[in-house]
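# Commentary on secondary and tertiary structure
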Amino acid sequence: MELAALRGMTHKDKIVHSTFLASVGADHFSSDVAKEVLAHIKTQFQDEGKPPTFRVLVEDPSLSKDARQWLKESPGGISNRQEAKQILKNLDKYRQIRAVTDILYDTQEQLQS
């Protein structure tokens, strides 16, 4: 799902990639590689006014080798706006679950101290 969201940010449909870029932050991702790719896409968008194409992203030497390989192994991208909305909804749900889990772990640590 994280890969689908990142690929959505490189989608040729401006509404799809703009929606992802505006709605998704680092806290929506659990892996460091996904966060690296997100930061790279957002930086390029700020610098050039458009996100990189997926092909350019996969070949970009400024991304770590692990990030490029992770992207190369990704399944196909988002096919339509409805699918994009569903992925955003799921990413947000998992973001909220991670936040609650973090609170629970912090509370447990405080109680054990």
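Okay, so let's go over this structure.

### Re helix 6 (residues 81–112)
Along an α-helix, residues three or four positions apart point the same way, because every turn accommodates 3.6 residues. Here helix 6 is 32 residues long and its end C-alpha atoms lie 47 Å apart, about the 46 Å a rise of 1.5 Å per residue gives. Looking at where helix 6 begins, the residue whose side-chain oxygen comes 3.1 Å from the main-chain nitrogen of Gln82 is Asn80.

### Quick word on the side chain of Asp60
Looking at the secondary structure, you find Asp60 in the loop between helix 4 (54–59) and helix 5 (65–72). For Asp60, which is buried and forms no salt bridge, the nearest opposite charge comes from Arg68, at a distance of 6.7 Å. At 2.6 Å, the side chain of Asp60 forms a polar contact with the side chain of Ser62. If we skip the residues at most four places from it in the chain, Asp60 touches His40, Gln44 and Arg68.

### Some points on the environment of Lys89
Along the chain, Lys89 turns up in helix 6. Take Lys89: its relative accessible area is 57%, and that puts it in the exposed class. With 49 residues separating them in the primary sequence, Lys89 and His40 have C-alpha atoms 23 Å apart.

Calculation criteria
For every chain, the first residue of the written sequence is number 1, and numbering continues from 1 along that sequence. With pLDDT at 70 or above as the cut-off, local features in this predicted model cover only qualifying residues; side-chain atom pairs require 80 or more to be listed or tallied, and sums for whole chains, interfaces and linings still use all residues. Each side-chain value is derived from all of the structure's non-hydrogen atoms; neither hydrogens nor water enter the calculation. In DSSP terms, a helix is any run of H or I states spanning at least four residues, a strand is any run of E spanning at least two, and both are numbered starting from the N terminus. To estimate the expected span of a helix, count its residues, drop one, and scale the result by 1.5 Å. Distance and chemistry together define a polar contact, namely a pair of N or O atoms within 3.5 Å, with one atom able to donate a hydrogen and the other to accept it when in protein, and with adjacent residues in sequence counting only for side-chain atoms on both sides. The cut-offs for exposure are 20% and 50% of the maximum accessible area for each residue type, with area from a 1.4 Å probe on protein chains only; residues under the lower value are buried, those over the upper are exposed, and the others partly exposed. In summary, the charge assignment counts Lys and Arg as positive and Asp and Glu as negative, without counting His or the chain termini. A carboxyl oxygen of Asp or Glu within 4 Å of a side-chain nitrogen of Lys or Arg is what we treat as a salt bridge. Only heavy atoms matter for contacts: two residues are in contact if any of them lie within 4.5 Å across the pair.

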